[in-house]
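Notes for the structure review
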Amino acid sequence: MKYFTLLFFCQISFAQSIKGIVTENNNPLPFVNIIEIGSNLGTQTNEKGFFELNLKEGNNSLAFSCLGYITKKVDILVQNNKTNTLNIELEPDTKMLAG
């Protein structure tokens with residue numbers, strides 16, 4: 001049991017929270033999908049465009065996608081003991097809307 005507890009605490013110490021808001025023209029976008037590229041980690045913005053996701057410390061790549069908008073890929077350096085904030089502006093996909 002001692003080994004399990006130690007392993008559990010070590011794993012948690014490497015996860016850092018990243019928070020932010022996704023908008024279009026300064027208006028919050030609800031229900032945007034946020035996925036860490038190359039993993040199965042992800043979340044979705046709430047009705048106010050806010051999201052929070054726990055990522056490993058170091059370099060990470062995120063994809064922000066929502067129906068009717070151009071998917072945006074962002075690289076972020078997540079650092080321990082620092083505020084990790086990422087605010088994203090999505091652009092409408094005019095090709096999709098024109099069809």
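Our structure's up above, just so we're on the same page.
A quick note: this is a predicted structure, and the numbers were derived from the prediction, not measured.

Let's talk about the sheet that holds strand 7 (residues 72-78)
The strands that make up a sheet pair up through hydrogen bonds in the backbone, lying either parallel or antiparallel. With respect to topology, 4 strands assemble into an open sheet ordered 4-3-6-7, the strand pairing being antiparallel. A strand with exactly one partner marks an edge of an open sheet, and here the two such strands are strand 4 (42-44) and strand 7. Taking the axes of each pair of neighbouring strands and ignoring which way they run, one obtains an average angle of 25° across the sheet. The pairing of strand 3 (residues 33-36) with strand 4 spans 3 bridges and is antiparallel. Looking at the pairing, I34 lines up with T43 of strand 4.

Description of the side chain of E36
Here E36 is to be found in strand 3. In this structure the side chain of E36 is engaged in a polar contact, spanning 2.9 Å, whose partner is the side chain of S39. With residues up to four places along the chain from it excluded, the contact list for E36 reads L41, L55, K56, N60, S61 and L62.

Structural notes on the packing of aromatic side chains
All told, the structure shown has 1 aromatic pair when counted by the stated rule. Aromatic side chains F51 and F64 sit 5.7 Å apart centroid to centroid with 70° between the ring planes, which places their arrangement in the edge-to-face category. With F51 in strand 5 (residues 50-56) and F64 in strand 6 (residues 58-65), this residue pair connects regions lying 13 residues apart in the sequence.

Thoughts on the pattern of salt bridges
Taken as a whole and assessed by the stated rule, the structure comprises 1 salt bridge. E36 serves as the salt-bridge partner of K56, at 3.5 Å between the closest nitrogen and oxygen. Here K56, found in strand 5, pairs with E36, found in strand 3; they are 20 residues apart in sequence, far enough to count as distant. Given a relative accessible area of 47%, K56 falls into the partly exposed group.

A few points about the environment of Q44
By the secondary structure assignment, Q44 is in strand 4. Judged by its relative accessible area of 41%, Q44 is partly exposed. Spatially, the C-alpha atom of Q44 lies 5.8 Å from that of I34, the residues being 10 residues apart in sequence. The residues touching Q44, leaving out its near neighbours within four places in the chain, are F31, V32, N33 and F50. At 3.2 Å, the side chain of Q44 and the side chain of N33 are in polar contact.

How each quantity is defined
Residues numbered from 1 in each chain as written. Predicted model: local features only at pLDDT ≥ 70, side-chain atom pairs only at ≥ 80, totals over all residues. Heavy atoms only, no water. Pairing = 2+ DSSP bridges. Helix = DSSP H or I, 4+ residues; strand = E, 2+ residues; numbered from the N terminus. Axes fitted to C-alpha atoms, helices over the stretch in contact; angles between N-to-C directions. Polar contact = N/O pair within 3.5 Å; in protein donor to acceptor, adjacent residues only side chain to side chain. Contact = heavy atoms within 4.5 Å. Phe/Tyr/Trp six-rings, centres within 6.5 Å; stacked < 30°, edge-to-face > 60°. Salt bridge = Lys/Arg side-chain N within 4 Å of Asp/Glu carboxyl O. Buried < 20%, exposed > 50% of the residue type's maximum accessible area, 1.4 Å probe, protein only.

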